[in-house]
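# Structural overview
Chain residues, written in single-letter form:
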Amino acid sequence: MVPRAGVTVDIRPRDLPLALIGTAGGALALWADAPVEIAVPVALLIVLDIRVRRWHRRT
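Treat the numbers as computed from the prediction; the structure is a model and nothing was measured.

Conventions and cut-offs
Residues numbered from 1 in each chain as written. Predicted model: local features only at pLDDT ≥ 70, side-chain atom pairs only at ≥ 80, totals over all residues. Heavy atoms only, no water. Helix = DSSP H or I, 4+ residues; strand = E, 2+ residues; numbered from the N terminus. Buried < 20%, exposed > 50% of the residue type's maximum accessible area, 1.4 Å probe, protein only. Contact = heavy atoms within 4.5 Å. Areas by Shrake-Rupley, 256 points an atom, 1.4 Å probe, with all protein chains shown as cover. Polar contact = N/O pair within 3.5 Å; in protein donor to acceptor, adjacent residues only side chain to side chain. Salt bridge = Lys/Arg side-chain N within 4 Å of Asp/Glu carboxyl O. pLDDT = per-residue confidence, 0-100.

Check the secondary structure of the protein chain and you find 2 helices and 2 strands. The burial tally for the protein chain puts 8% of its 59 residues in the buried class. Taking the contacts inside the protein chain whose residues are at least 6 apart along the sequence as the reference set, 94% of them involve residues at least 24 apart. Accessible area of the protein chain: about 5500 Å², with a carbon and sulfur share of 65%.

What follows is the structure in C-alpha cells.
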C-alpha cells in the first residue's frame, strides 16, 4: 500500500514485552476458539502502534 501525498503512516512496535503480548494473544485465540486467519491480524493490531495522519500544505 502506498499512501497518498499529504498522508503519513507511522508503524512501530508498542512499548510492551513481546513475550507477554504473544502469550496473551495465543491464550485469547484459544479461549475464543478463533481461527488463525482472524487471530493473527488482530494480534498484529495489538502489537503494532499504527498512526495515520493527514497534513495540508499552506498556500
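There's more to say after this.
The residue aspartate 49 is located in strand β2 (residues 48-54) in this model. Here arginine 51 takes part through its side chain, which lies 3.4 Å from a polar atom of the side chain of aspartate 49.

This part takes up the pattern of salt bridges. Following the criterion strictly, the structure yields 3 salt bridges and no others. We note a salt bridge from arginine 53 to aspartate 10, for which the minimum N-O separation is 2.5 Å. Of this pair, arginine 53 sits in strand β2 while aspartate 10 sits in strand β1 (residues 7-13), placing them 43 residues apart in sequence. Judged by relative accessible area, aspartate 10 falls into the partly exposed class, the value being 29%. Here aspartate 49 ties to arginine 51 by a salt bridge, and the two come within 3.4 Å at their closest N and O atoms. By relative accessible area, which is 11% here, aspartate 49 ends up buried. Linked through salt bridges whose partners overlap, the residues forming this network are Arg12, Asp49 and Arg51.

Let's shift gears to the environment of alanine 5. One can find alanine 5 in the segment before β1. Judged by its relative accessible area of 75%, alanine 5 falls in the exposed class. Put simply, alanine 5 and histidine 56 are 51 residues apart on the chain and 9.3 Å apart in space, counted from C-alpha to C-alpha.

Right, let's get into the confidence of the model for the protein chain. Mean pLDDT for the protein chain: 78, with 88% of residues reaching 70 or above. For the protein chain, per-element mean pLDDT is lowest for helix α1 (residues 18-32), which scores 77, and highest for β2, which scores 87.

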